[in-house]
Amino acid sequence: MDAAAPAQSDTIVAGRTGALEGEVQIAGAKNSVLKLMAACLLAEGRHSLANVPDISDVSLMCELLEAMGVTVTRTDHRLAIDVPAELNTSAPYHLVERMRASIVVLGPLLARFGEARVALPGGDDFGPRPIDMHLRALESLGATFSTAHGDISGTAGVLSGAEIVLEYPSVGATENVLMAAVRAKGRTLIVNPAREPEIGDLMNFLNQMGAQVGWAGDRLAIDGVEHMSPVRSDDGYRVIADRIEAATFLAAVGMCGGSVLLRGAVADHMTMLTRKLTEMGLHIVEDAAGVRATAGGRLSSADVSTLPYPGLATDCKPFLVTMLTTASGVGIVTENIFMGRFRYIDELRRMGADIRTEGHHAVVRGAERLSGAPVRAPDIRAGAALVVAGLAADGETEVADAAHIDRGYEDLVGKLAGLGAAISRH
Ligand code: EPU
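Not measured: the values here are computed from a predicted model.

Draft legend 1. Spatial organisation of the confidence of the model for the protein chain. With 96% of its residues at a pLDDT of at least 70, the protein chain reaches an overall mean of 95. Overall, residues 1-6 carries pLDDT values under 50, and its contacts beyond four positions in sequence, including any with other chains, amount to 7 contacts.

Draft legend 2. Up close: the side chain of Asp 57. Inspection of the secondary structure puts Asp 57 in helix 2 (residues 56-67). What Asp 57 contacts, discounting residues up to four positions off in sequence, is Lys 30, Leu 34, Met 99, Ile 380 and Arg 407.

Draft legend 3. Region of interest: the pattern of salt bridges. Per the stated rule, a full pass over the model turns up 23 salt bridges. With a shortest N-O distance of 2.9 Å, Arg 136 and Glu 167 are connected by a salt bridge. One end of the pair, Arg 136, is in helix 5 (residues 132-140); the other, Glu 167, is in the loop between strand 10 (163-165) and helix 6 (171-181), and 31 residues separate them in sequence. Given the relative accessible area of 64%, Glu 167 is considered exposed.

Draft legend 4. Spatial organisation of the side chain of Asp 151. Relative to the helices and strands, Asp 151 is located in strand 9 (residues 151-155). We classify Asp 151 as buried; its relative accessible area is 17%. A polar side-chain atom of Asp 151 sits 3.1 Å from a polar atom in the side chain of Arg 117. Residues contacting Asp 151, with those up to four places away along its chain left out, are Arg 117, Val 118, Ala 119, Leu 120 and Ser 146.

Draft legend 5. Just the domain arrangement of the protein chain, in detail. Considered domain by domain, the protein chain is made up of domain 1 (11-27 + 241-425) and domain 2 (30-238). Each of domain 1 and domain 2 has a C-alpha centre, and these two points are 30 Å apart. Contact residues are listed per partner, giving 23 residues for domain 1 and 21 residues for domain 2. When domain 1 packs against domain 2, close to 1,900 Å² is buried across both sides, 49% of that on carbon and sulfur atoms. Of all residues in domain 1, the largest losses of buried area upon contact with domain 2 belong to Tyr 309, Arg 407 and Glu 410, amounting jointly to 31% of the total for that side. Taken together, domain 1 and domain 2 are joined by 2 salt bridges. Taking the shortest distance from any N to any O, the salt bridge between Arg 243 and Glu 198 comes out at 2.8 Å. Counting every contact that joins domain 1 to domain 2 gives 8 residue pairs in polar contact (both at pLDDT 80 or more). Of the residues that constitute the side of domain 1 that touches domain 2, the class distribution is 10 nonpolar, 3 polar and 10 charged.

Draft legend 6. Summary view of the pairing of strand 9. Relative to strand 9, strand 7 (residues 115-119) runs antiparallel, the two being bridged by 5 bridges. By the bridge assignment for strand 9, Ala 116 is matched with Gly 154. Judged from the 5 bridges that link them, strand 8 (residues 144-148) and strand 9 form a sheet pairing that is antiparallel. Pairing of Thr 147 across the sheet is with Ile 152, part of strand 9. Between strand 8 and the antiparallel strand that follows it, strand 9, lie 2 residues; His 149 among them carries a positive phi value of about 55 degrees.

Draft legend 7. Expanded view of the nonpolar core. Counting residues in each nonpolar core, the largest one holds 79 residues, and the members touching the most others are Met 37, Leu 49, Ile 81 and Leu 206. The contact partners of Leu 206, leaving out residues within four places of it in the chain, are Ala 39, Leu 42, Leu 178, Met 179, Val 182, Ala 211 and Met 228.

Draft legend 8. Examining the sheet that holds strand 16 (residues 283-287) more closely. Ordered by their spatial adjacency, 4 strands build an open sheet running 2-15-17-16, and the pairing between neighbours is mixed. At either end of the open sheet lies a strand with only one pairing partner, and these are strand 2 (20-25) and strand 16. Strand after strand, the sheet turns through a mean of 15 degrees between neighbouring axes, direction not considered. One ladder, built from 5 bridges, connects strand 16 with strand 17 (residues 290-295); its direction is antiparallel. Among the inter-strand pairings, Val 285 is bridged to a residue of strand 17, identified as Arg 292. Lying over the sheet, helix 8 (residues 243-256) contacts strand 2, strand 15 (258-263), strand 16 and strand 17, oriented at roughly 170 degrees with respect to strand 15.

Draft legend 9. Inspection of the site of the ligand at higher detail. Surveying the vicinity of the ligand reveals 23 residues, the closest of which are Lys 35, Asp 132, Ser 170, Asp 315 and Ile 337. One of the side-chain N or O atoms of Lys 30 is found 3.0 Å from an oxygen atom in the ligand. Backbone polar atom of Gly 172 to an oxygen atom of the ligand: 2.9 Å apart, as the coordinates give it. Taken together, the residues that form the shell around the ligand break down as 11 nonpolar, 5 polar and 7 charged. When residues of the shell around the ligand are assigned to domains, at least three map to each of domain 1 (11-27 + 241-425) and domain 2 (30-238).

Draft legend 10. Fine view of the sheet that holds strand 12 (residues 212-216). As summarised here, the arrangement of the 4 strands in space is 10-11-13-12, forming an open sheet in which the pairing is mixed. Here the strands that pair on one side only, and so sit at the sheet edges, are strand 10 and strand 12. Across the sheet, the mean angle from the axis of one strand to that of its neighbour is 20 degrees, orientation sign disregarded. For strand 10 and strand 11 (residues 187-191), the ladder comprises 3 bridges, and the chain directions are parallel. Bridged to Glu 163 within strand 11 is Leu 189.

About the thresholds
- Residues numbered from 1 in each chain as written.
- Predicted model: local features only at pLDDT ≥ 70, side-chain atom pairs only at ≥ 80, totals over all residues.
- Heavy atoms only, no water.
- pLDDT = per-residue confidence, 0-100.
- Contact = heavy atoms within 4.5 Å.
- Helix = DSSP H or I, 4+ residues; strand = E, 2+ residues; numbered from the N terminus.
- Salt bridge = Lys/Arg side-chain N within 4 Å of Asp/Glu carboxyl O.
- Buried < 20%, exposed > 50% of the residue type's maximum accessible area, 1.4 Å probe, protein only.
- Polar contact = N/O pair within 3.5 Å; in protein donor to acceptor, adjacent residues only side chain to side chain.
- Domains from an automatic or database assignment.
- Buried area = accessible area lost by both parts, 1.4 Å probe.
- Nonpolar A, V, L, I, M, F, W, Y, C, P; charged D, E, K, R; others polar.
- Pairing = 2+ DSSP bridges.
- Core = buried A, V, L, I, M, F, W, Y, C linked by side-chain atoms within 4.5 Å.
- Axes fitted to C-alpha atoms, helices over the stretch in contact; angles between N-to-C directions.
- Near = heavy atom within 4 Å.

What follows is the structure, encoded as C-alpha cells:
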C-alpha cells in the first residue's frame, strides 16, 4: 500500500453559506468497496478495482488485507489487490475494532480456506451491534464457531448449500453468506436477504469472478462453483456511486438553497429519499450525468421512518433530521434500524435545534435559524450532517473529531467549498 496521506487536522469550521452552485463528483460507495475488497479473498491472483474512494475506511481495509498476506497497491482511485495462494486467515482486534465492516472477511475466508479467526467487534455509538445472524447463517452452511480471548474462530470442511432464513434483512449477514455460499457445494437460497444497491454491486462482482448468484423471486439463489478468478477487465471493476454521499449534498442544497449537479449519482438508488425530499420542497431531476438538485426558500417538514432498502436508509436520517431543524412545521422521525442512533441530536440542540426524543422517535420542530456552536462528530454520517447544519447556522460551527467524517468522505470540505460553501479545516 502507498504511504498513508498526512494526518488531517481534526476540526472542520463551517460558516453560514448562501446558495450552493456548480457540480460535485460523487465518489465510489464506501459500503460497496469494502465488501468487494473482502470478496477478492475468494480467488488467487491480481484483482483490480476502479472508482475507489480515497477514504480512511478503505485504508483500514487495505491494512487488514495486508495483515493477511495480500499485497495492495493504491493509486489514483484504483486498487490492485494481489491475493496469494496461501493466507494468514486472522483479522486482528486492533483493525476490527476500528472498522466493524472487517467482519465480512469471515465468509470468504471460510469458503476458500475452511478456517477464519476474526476478533469480535465491540459495540459502538449506534449501540450494540451483534453478529448472531452472520454466525447462524454460516452455521447453516456447515461452519462451526467457537470464541476465546475475544476472537471468534470458524472452521468448515466443505460448505454445503442450504436454505437460510434471515429474520431481518441484515446487510452484513447477507454479504457474508453470499461470499461463503459462492464456493459451497450445491444451491443456497437466502430468504429475506438485504437488497441494498451495494448488495447488487457485490453480486455483479462475484458473478464476474465466476460465481453464479441471482434472484429467484424475492430470494437470493447461489449455485456454488469450484473455481473463481479475478475479474477480467483492463480498467478494473468500477464501484457504484455512494448514495449516502449524494444524500449529504442533497441535504446541503436543501439547507442552503441553490442548484447543484451531483455527477455520477444514481437516482434509482435513492428513490425513497428523493421522494421525501421532494415532499419537503427540493426539486430533484435525473440527468444523463447524474442528479440535479435545486432548492430555494424554506423547506417544509415531513415525517420520516427508516427501513431496510428500498425504504429510507438509516444512514440518511441525520441529514433529514438536520433539514427538519430549519423547515417550517414539525416532523416526526422514527429510527427502526439502529436503536441508539440519536447521539448527534444533543449536538444539534447545542446549535439551537428544537428536538425531543422518546425511545426511537424524535420530534423536530423547525426553527427559523440555527446558531453556530462548537460540536463533536460522533460518527461518519452524523459528523457530515453537523457540517451541513453549520452551513445554515449563524456564525461559525466547529465540528471536532472530523476524522470520523474522513472514514467515509473523500474531501468533504474541498467538495463543499467548490460549491461556494464557507468551510475550512483547521
Ligand atoms: N443485526 C443483528 N444481528 C446481526 C446483524 C445485524 O441484530 O447479526 C442488527 C444490527 O444490530 C442493526 C440491524 O440488524 O440493528 C441492521 O444491521 P445490518 O447488518 O443491516 O447493518 P451492517 O451490515 O452492520 C451496513 C452499513 C451501515 C448501514 C447499515 C444499514 C456497512 C459497512 N455498513 O451495516 O452503514 O447503516 O448497513 O443499512 O456496509 C455507515 O456507512 O456509516 C454505516 C453505518
